[in-house]
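# Chains, contacts and geometry: an overview
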Amino acid sequence: MQKDQQYRLGVDVGGTHTDLVLLNTATGEVSVEKVSSTPKNPSLGVLNGVQNFISKGTPPGEIEFFSHGTTITTNALLEMRGAKVGMLITAGYRAVQEIQTQGRDGNPFDYFYDKPEHIAPQSLTREIPGRIGWEGDEVEALDERAVREATRSLKESGVTSIAVVYLFSYANSSHEERTREIILSEFPQAHVSLSSEVLPRIREWPRMSTTLLNAYLGPVLVGYINDLGRGLDAVGVSTQQRFLMQSNGGVMPFSAAVQGGKTVYTLFSGPAAGARASAYLAGEDAQKGIVTLDMGGTSADIAFIEGGSPLEVTEVMLARRPLGVPALDMTTISAGGGSIAWVDRSNFLRVGPRSAGADPGPVCYGKGGTDPTVTDADIALGFLNPEYFLGGSQTLDKQAAELALIDKIGKPLGMTVLEAAAGIRRIVDLRMADEVKVFGAKRGVDPQEFTLLPFGGAGAVHAASVADELGMNRIFVPPRPGAFSAMGLLCTDVVHDYVRSELRPMDQVTSAHAEEVFTSLEARGRAELIQEGLDTENARFERELDVRYTGQGYELRVSLVGLGGHEGLTNEDMVTARQRFDEKHAQIHGHAADDRPVEIVSYRVRLRVDVPKYEPVLLGEANEVSAPKEAIKGTRHAFFGVQGGVDATVYERDTLPLGATFEGPAIVEQFDSTTVLPPGWRGKIDGYRNLILSRGGL
Amino acid sequence: MTKSTQIDPVTVQVLRNKVASLVDEMHYHFYRSGYSTIIRESKDFSCVILDRDGKLIVPPPMFFHGLAYRRFVERIFEVYESEEINDGDMFVSNHPYEAGMPHVSDMGFIAPVFFEGELIAWSGTIAHKADIGGTNPGSTSANSTELYHEGLLLPPMKYVRQGVEDGDVERIILGNSRHPDLVRGDIGAQVAATQMGVTRMKENAERFGGQVISSAFEVILKGAAEELRAAISSLPDGTSSAVGYMDDDGVDRETPVKFAVTITVDGDRATFDFSDAGPQAKGPVNLRPSMVECCVFYCLVGALGPDLQFNGGMVDVVDIKYAPDTVTNATPPAPVSSYQKSNLRLVDVILEAMAHFAPERAIAGSGSSGSLLLSWQGGGREGHSTMQYEIFGSAYGGGQAHDGCSMTATHLSNLHITPIEILESEFPCRVTEMSVIPDSGGPGEYRGGLAFRRRYELLQDALVVRRYEKAKFPATGTSGGNDGRKSRFVRVGVNGDETDLPAAGRYEMKAGEGFFIDKAGGGGYGDPKKRDPEAIISDIAEGYVSIEGAKRDYGYDA
């Protein structure tokens, strides 16, 4: 690497703010910028932030690496601003997209139920004769003329993106591939999504839903990435090491994103970046176990990291639609700083699910909000500094918050301002704790010995009382909790996931056949790497099988790590894989049956290519010293319970030296967040400038 | 009602959230440790926390079980003296009459929660068992004529005594089951989930105090009662009746089964009178008050505002009347196995009568749900089960300002359909059609939901059991709307010849033969002539209404 190229840049675009993290690889120094997001033309906000660094003296040509997380596709889906999509399906199966799972979500008592709007309505759906059987055999040949006619009529209807979803295409993709050739010969500009490429997995509805999402959002992402690429060129950020964050915790190069086929992998990139940062930057804690608490404006996202890796799921719901790509296993509750407190008709105090969001925001923002929120409660209780919000660039109106609290909560329930504020906080904190507890129980995880890692603007304001409720003793507050997800963008590898379904009893699958399937998936991965301009030499492949007991309706992912040497998989390896399945089943579900037949449902390959990563730098010895006077900004009366406030010492995070220790009650303020230490908690700055909180002086 | 102890609203809300989280945790724990596919895939079970009288605190996902537990608790108090109910006890029953359980296959376990010597709550679970004896494999039946045909009956009895499980009752249950291994595994999981509820509630009591929990429960139940009372008092006083019919009871094929209700609203009270229901049926479509109550409160919450709280406090606000020996108040040993299709029929009837009071939530009849079972006689597909079992939803009726949802589980039912790719991979059949039936939604200003056609080709001989209805009495239209399309069950011979069969029955079919199922569409709401022409144009474009149908049903010339 040339010596003059020394910066790496991570940019995370959220709904309201865009966070940028610039790493100087020569010095290890990290600088942060926060600018407003520009939803109408999102690349503008990104480029504004980049300009800020440039104008402060960073030569754009010396930025050697650009990594990006964005919610642009997710937002386009939430606002239904995707492409006009047509769909080709196997003739005779129009009801598949209507019935979906047949189940209802939402309030079970509401019989005026509606499914989410169709991405490709029936009027833009065409039936194509041709049928593949369950073993991949051709039952009926593809009607090529029908494909041609369908393409012409969809083109005439103004469709720009076409999804092709044929039954059993995961077992034999030839009909879908031939269909694409015909579509492109008739309609070369069309954006084509094949279900056999987007998600070659058994179960027609999740595959169709995922393919439709890809078709709907692909053009949005491609347009954006092209815009952004041109913008980066224009401001002089010439590096071609440009990457995009994915839901699986890895990145893909821009060159892969503009092909459009992997758009669905980017839909949960935000939470994935935060989890990735936690797993990578909280090294030892991540080995033992971490509960992440990302508390932003509208919600709190909770995830677990065990043995250094975030827990994953293979299917998630997004805007009520199934999406079958690997993503962080996460639970979300409506408990954010902007969550609105209200009194229901039975005079119960409720918090959420409505949120004041960023606009109008909490009452104290003074932007027209009238409903009291969690942030308003936090300011009334003295935890937030009205004069020091976003480093003092914004002031908060405490009085307005108190008036709203008394008006909307205090009066109807006969409570004082402090009682109302403390009540809101108690309800929110206990709900987050209950959610951690139940989510942990569901995943067979006992969080008590874990470390709590709060981030997002409000995470560290609430972390200690959540930990108190859970009996957790250790909290890890990273140096920049408000820009933590952006930090995660500098901590990832290129990761591509490949899957292929082939449902067979395991005892009928020879090791040679399994090897063949894996080899073909890996060949596809290599081919894509070459297309993306990446080095295939350093690619690492991780193989997994989706396995279940015969008759079960869902599968477990079984890792084949360590199996299959130079000669490929052996019969003994297959026996070992079976044993691993039983063990994993016992671990997750509490029991296993090694005498029961099992079946393989899918083969998975995860491909990894290393990219340069941020290395946390030990800044010095963290020998314990009492926090010096110059780090103390004063004291503030804060209410940890309703009964009587206490004077909490207020510290400025950036002036606390390595090794500095202090006792709660204390409040630590910094540009992008606030950390609250109730009485009984102790804080210490470690050698990496992390703020470690421990309870009872442990 | 006694005056509740002073308790602050924050603590009430905290405890309500804690009970909701606990129910969620019990549910998951049960699900992950259950053995049978009934637990694992269909999730046909519920977990609850009840107050000391058996009243539901927060609804479980399978909410309609929630109110049935109270009858079980009441029966325990009738059978046992209070000093005989002790810390560490757990009771079992599957009795539809004595304990209010949905049918014999559904087995309930409940355990008292004691704190400092006081009974403060109950923890309970109900779950469908793979086989509990009776005349049919799997125990459920479309043509039983006595409760005794439906399996072993357990009146409420102790399964665990003060922490000691002696295993006698378990041996009786397993000795009566065709699948004792599955049943043993599920019972183990169920006992553990019930016990988890007890343990967690005791932890909550340690932390908050037993009296605080009792007071919070009282406030929560009273809150639901007051919400419902307020909602009822906002309705006009008056009376409204409705009647509806089910095709037949599965035994006597000539006689339709009559469901009827008269609702009277007087100030802040409502009375639901089911005295005009038909006589109790010979076949297994009878209901008991515990199920009728679930239907009544489901409809009340649905019609008066779906965000009302659903818990045991509601029961104080409503009177329910029955005549003896009727299909909605059967006398033992009348059979009850196919209770769910009766529930769904009754829900349609109650909602039709409710429309008089809450026209903004009026909805036409819906398409009900039914099952299909194929028992493969040629050994099935190697390595897979020979039993193929599917549940099909249907469609909602149209409602005030709302088209009915197409192709969905409806009302009390919410089970998933099995994917075609899974079916063909596991069983020797081919699903050759899964299509939208145009014009199947009942015409109306607001159209009923559409039904689907699903066609099967058999690659081996099979025994086919279909349990459904609505072939004679479709989902009814309302307020000038027309009925939805009737259901069909059609056998297709080797030569392609088609024969209509009854919607409920058992048939031997040969490889090369096949059949198709047309589900019933939802009823229409309001005069079809008033339908927005834009909506008709869109329906034609989407293939939901044919051009001929638009002309015939809506008077619309394309």
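Residues numbered from 1 in each chain as written. Chains lettered and ligands numbered in written order. Predicted model: local features only at pLDDT ≥ 70, side-chain atom pairs only at ≥ 80, totals over all residues.

The number of helices and strands found in chain B is 11 helices and 18 strands. By the compact-globule yardstick of 24 Å for 558 residues, chain B fits well, its C-alpha radius of gyration being 24 Å. In terms of overall dimensions, chain B has a C-alpha envelope of 75 × 60 × 40 Å along the principal axes. By sequence separation, contacts in chain B at least 24 residues apart represent 73% of the contacts at least 6 residues apart. (Helix = DSSP H or I, 4+ residues; strand = E, 2+ residues; numbered from the N terminus. Rg over C-alpha atoms; globule rule 2.2 N^0.38 Å. Contact = placed C-beta atoms within 7 Å.)

Counting its regular elements, chain A contains 17 helices and 36 strands. Each of the three principal axes of chain A carries a C-alpha extent, and together these read 80 × 60 × 60 Å. With 698 residues in all, chain A has 53% of them scored as buried. (Buried ≥ 20, exposed ≤ 12 C-beta atoms within 10 Å, placed from the backbone.)

Okay, the confidence of the model for chain B next. Mean pLDDT over chain B stands at 93; residues scoring 70 or higher make up 97%. The ipTM for the predicted assembly is 0.93, set against a pTM of 0.91. (pLDDT = per-residue confidence, 0-100.)

Once that is clear, we can look at the interface of chain B and chain A. Each partner contributes residues to the interface: chain B has 58 residues there, and chain A has 58 residues. Put simply, the parts of the chain that give the side of chain B that touches chain A at least two residues each are helix H1 (9–33), helix H2 (37–42), helix H6 (210–233), helix H7 (289–304), helix H9 (420–426) and strand E12 (429–436) of chain B. Tallying contributions element by element places H1 of chain B first for the side of chain B that touches chain A, with 14 residues. Taken together, the residues that form the side of chain B that touches chain A break down as 23 nonpolar, 23 polar and 12 charged. (Nonpolar A, V, L, I, M, F, W, Y, C, P; charged D, E, K, R; others polar.)

Here we come to the environment of glycine 296 of chain A. Residues and elements named next belong to chain A. Within the fold, glycine 296 resides in the loop between strand E13 (290–295) and strand E14 (300–306). According to the C-beta neighbour criterion, glycine 296 is buried, with 24 such atoms within 10 Å. Linking glycine 296 and valine 466, residues 170 residues apart in sequence, is a C-alpha distance of 15 Å. Not counting residues up to four positions away in its chain, the partners in contact with glycine 296 are Gly336, Gly456, Gly457 and Ala458.

A word on the sheet that holds strand E33 (residues 666–670) of chain A. Working definition: the strands of a sheet are paired by backbone hydrogen bonds and lie parallel or antiparallel to each other. All names here are of chain A. Taking strand neighbours across the sheet as the criterion, the 4 strands line up as E30-E31-E33-E34 in an open arrangement whose pairing is mixed. Two strands in the sheet have a free side with no partner beyond their single neighbour: strand E30 (632–638) and strand E34 (673–677). The sheet shows a mean angle of 25° between the axes of neighbouring strands, taken without regard to direction. One ladder, built from 6 bridges, connects E30 with strand E31 (residues 646–652); its direction is antiparallel. Its bridge partner lying in E31, arginine 636 is registered against alanine 648. (Pairing = 2+ DSSP bridges. Axes fitted to C-alpha atoms, helices over the stretch in contact; angles between N-to-C directions.)

With an omega of 0°, the peptide bond between glycine 664 of chain A and proline 665 of chain A qualifies as cis. Assignment of secondary structure puts proline 665 of chain A in the loop between strand E32 (660–663) and E33. Cis geometry marks the peptide bond from proline 332 of chain B to proline 333 of chain B, where omega comes out at 5°. Residues other than glycine seldom take positive phi values, yet serine 368 of chain B does so here, at roughly 65°. If you check the backbone angles, serine 479 of chain B has positive phi at about 50° while not being a glycine.

The next thing to look at is the nonpolar core. Here is a general trend for soluble globular proteins: nonpolar side chains tend to be buried in one another's company. The biggest cluster of nonpolar side chains holds 374 residues, and the ones touching the most others in it are Val85 of chain A together with Ile350 of chain B. A per-element tally of this core places helix H13 (residues 417–442) of chain A first, with 14 residues. Beyond its immediate stretch of four places on either side in the chain, isoleucine 350 of chain B contacts Val261, Cys295, Val296 and Cys299 of chain B. (Core = buried A, V, L, I, M, F, W, Y, C linked by C-beta atoms within 7 Å.)

Let us now look at the sheet that holds E12 of chain B. All names here are of chain B. The 5 strands are arranged E12-E13-E18-E15-E16 in an open sheet whose pairing can be described as antiparallel. The two strands at the open ends of the sheet, each matched to only one other strand, are E12 and strand E16 (498–500). With direction set aside, neighbouring strand axes in the sheet form an average angle of 20°. Pairing of strand E15 (residues 488–492) with strand E18 (residues 514–518) involves 5 bridges; the strand directions are antiparallel. Residue pairing in the sheet places arginine 491 in a bridge with phenylalanine 515 of E18.

All right, on to the environment of phenylalanine 272 of chain B then. Take phenylalanine 272 of chain B: it is sitting in strand E8 (residues 269–273). The spacing of phenylalanine 272 of chain B and proline 155 of chain B is 117 residues in sequence and 28 Å in space, taken between C-alpha atoms.

Residue and element names in this part refer to chain B. Looking only at helix H11 (residues 547–554), the buried set comprises Ala550, Asp553 and Tyr554. What you see down the axis of H11 is that its buried residues fit within an arc of 95°, all on one side. Opposite its buried face, H11 presents the exposed residues Ile547 and Glu548, each directed more than 90 degrees away. On its buried side, H11 packs onto helix H10 (533–541). (Arc of directions from axis to C-beta.)

Residue and element names in this part refer to chain A. Close contact between helix H12 (residues 398–413) and H13 brings their axes to 9 Å; oriented N to C, the two are set at 80°. Put simply, H12 runs roughly perpendicular to H13. Together, Glu402, Leu405, Ile406, Ile409 and Gly410 of H12 and Val417, Ala420 and Ala421 of H13 make up the contact between the two elements. Per-class residue counts for the contact of H12 with H13 are 6 nonpolar, 1 polar and 1 charged. (Parallel < 35°, antiparallel > 145°, perpendicular 65-115°, else oblique.)

What follows is about the packing of H7 of chain B against helix H8 (residues 339–354) of chain B. All names here are of chain B. Between H7 and H8, whose axes approach to 9 Å, the crossing angle comes to 40°. One way to sum up the angle between H7 and H8 is to call them oblique. Judged by the twist between their axes, the crossing of H7 over H8 is right-handed. Together, Met291, Val292, Cys295, Val296, Tyr298, Cys299 and Ala303 of H7 and Tyr339, Asn343, Leu346, Val347, Ile350, Leu351 and Met354 of H8 make up the contact between the two elements. Each residue belonging to the contact of H7 with H8 can be placed in one class, and the counts come to 13 nonpolar, 1 polar and no charged. (Left-handed = near helix turned anticlockwise from the far one by under 90°.)

Here the focus is the pairing of strand E10 (residues 370–376) of chain B. Residue and element names in this part refer to chain B. Judged by which residues are buried, E10 turns out to be one-sided: Gly370, Leu372, Leu374 and Trp376 face inward and are buried, whereas Ser371, Leu373 and Ser375, on the alternate face, are not. With 6 bridges joining them, E10 and strand E14 (residues 462–467) adopt antiparallel strand pairing. Each residue of the ladder has a partner; that of serine 371, found in E14, is arginine 467.

Further remarks concern the environment of tryptophan 376 of chain B. Residues and elements named next belong to chain B. Along the polypeptide, tryptophan 376 turns up in strand E10. Distance in space between the C-alpha atoms of tryptophan 376 and threonine 262 is 46 Å, their sequence separation being 114 residues. Here tryptophan 376 is in contact with Thr386, Gln388, Phe427, Pro428, Gln460 and Ala462, once residues within four sequence places are set aside.

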